[in-house]
Amino acid sequence: MHNPTRPYHRTEIDILFTKVKASMHQKALESGGDERALYTDCYTGKTLRGGDRYDYEHIRSSEAVFMEYRDRLTNSEIAEVVNCSENVAVTLRIINQSKGKMRLEDWLSNANNVSNHRIDVALSKNAAARADRGIHQKANEIISRKNRCKIL
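Attention in this report is confined to the structure presented alongside it. Predicted model, so just to flag it, every value in this text is computed and none were measured.

What counts, and at which threshold
- Residues numbered from 1 in each chain as written.
- Predicted model: local features only at pLDDT ≥ 70, side-chain atom pairs only at ≥ 80, totals over all residues.
- Heavy atoms only, no water.
- Helix = DSSP H or I, 4+ residues; strand = E, 2+ residues; numbered from the N terminus.
- Rg over C-alpha atoms; globule rule 2.2 N^0.38 Å.
- Buried < 20%, exposed > 50% of the residue type's maximum accessible area, 1.4 Å probe, protein only.
- Contact = heavy atoms within 4.5 Å.
- Lys, Arg positive; Asp, Glu negative; His and termini not counted.
- Charge placed at Lys NZ, Arg CZ, Asp CG, Glu CD.
- Axes fitted to C-alpha atoms, helices over the stretch in contact; angles between N-to-C directions.
- Parallel < 35°, antiparallel > 145°, perpendicular 65-115°, else oblique.
- Left-handed = near helix turned anticlockwise from the far one by under 90°.
- Nonpolar A, V, L, I, M, F, W, Y, C, P; charged D, E, K, R; others polar.
- Pairing = 2+ DSSP bridges.
- Arc of directions from axis to C-beta.
- Phe/Tyr/Trp six-rings, centres within 6.5 Å; stacked < 30°, edge-to-face > 60°.
- Salt bridge = Lys/Arg side-chain N within 4 Å of Asp/Glu carboxyl O.

Now for the overall build of the protein chain. Of regular secondary structure, the protein chain possesses 7 helices and 4 strands. Starting at the N terminus, the α and β elements of the protein chain follow one another as α-β-β-β-α-α-β-α-α-α-α. Relative to the 2.2 N^0.38 estimate, which gives 15 Å for 152 residues, the radius of gyration of the protein chain is 17 Å and therefore close to what a compact globule would have. Principal-axis analysis of the C-alpha atoms gives the protein chain an extent of 50 × 35 × 25 Å. Per-residue burial over the protein chain gives 40% buried out of 152 residues. Expressed as a percentage of contacts within the protein chain between residues at least 6 apart in sequence, the contacts between residues at least 24 apart total 73%. Each charge class in the protein chain was averaged separately, 25 positive and 20 negative side chains, and the resulting centres sit 2 Å apart.

Our next topic: the packing of helix 2 (residues 62-69) against helix 3 (residues 75-82). Interaxial distance between helix 2 and helix 3 falls to 10 Å at its minimum, and their mutual angle equals 130 degrees. The orientation of helix 2 with respect to helix 3, classified from their angle, is oblique. Handedness of the helix 2/helix 3 crossing: right-handed. Residues S62, V65, F66 and Y69 of helix 2 lie in contact with helix 3, whose contacting residues are N75, I78, V81 and V82. Here the residues of the contact of helix 2 with helix 3 are counted per class, giving 6 nonpolar, 2 polar and no charged.

Moving on, we come to the pairing of strand 4 (residues 88-92). The side chains of a regular strand alternate between the sheet's two faces. Most of strand 4 sits inside the fold, with 4 of its 5 residues counted as buried. Both strand 3 (residues 54-58) and strand 4 contribute to a ladder of 5 bridges, which runs antiparallel. Bridging across to strand 4, D55 finds its partner in T91.

Attention shifts here to helix 2. The set of residues buried in helix 2 consists of S62, V65, F66 and Y69. Burial along helix 2 is one-sided: seen end-on, the buried residues are contained in an arc of 100 degrees.

For the coordinates displayed, the defined rule picks out 4 aromatic pairs. Ring geometry for Y39 versus Y56: centroids 5.7 Å apart, planes at 90 degrees, classification edge-to-face. Of this pair, Y39 sits in strand 1 (residues 38-40) while Y56 sits in strand 3, and the two are 17 residues apart along the sequence. Accessibility expressed as a relative area gives 8% for Y39, which makes it buried. Summarising the aromatic geometry, the rings of Y54 and Y56 are spaced 6.1 Å apart at their centres and angled 80 degrees between planes, so their arrangement reads as edge-to-face. A single burial state applies to Y54 and to Y56, both of which are buried. Connected via pairs of aromatic rings, a cluster forms that spans Y39, Y54 and Y56.

Moving on to the pattern of salt bridges. In total, this model carries 11 salt bridges according to the counting rule given. A salt bridge links R49 to D34; the nearest nitrogen and oxygen atoms lie 2.5 Å apart. With R49 in strand 2 (residues 47-49) and D34 in the loop between helix 1 (11-32) and strand 1, the pair connects residues that are 15 residues apart, well separated along the chain. Classification of D34 by relative accessible area gives partly exposed; the value is 39%. D71 is the salt-bridge partner of R72, the closest N and O atoms lying 3.0 Å from each other.

Printed below as a string of structure tokens:
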């Protein structure tokens, strides 16, 4: 049993996040074809290129995921869940900073955020739904694996 009240801790999350970002960057460089990374902003749908002010983004915050699974998963396991491919995307730095740890749906409910940053609401909601599916799938895989090991 894991301590269901342990405080938020992101060391393992950050270590894995660094590796995920490096892998994403390599793929984006290959996609760009001209030694400049090529991304699509997960909230606007616009093309981002190396040199643009973008950030790698956890669509669902690492803290929210940690708090949801801390009673069932270790910190390293939570890092796998947080950094699943469906939950890590790229967006403009100004959008990432504006959103912060706020839940995407709450951030989108502010019409100024949507208009000021030219957010594609449908695209953003699809990204959140994809992140939720990926998070739950990864968590369930880990929990099932742990349960199988207990049986054996």
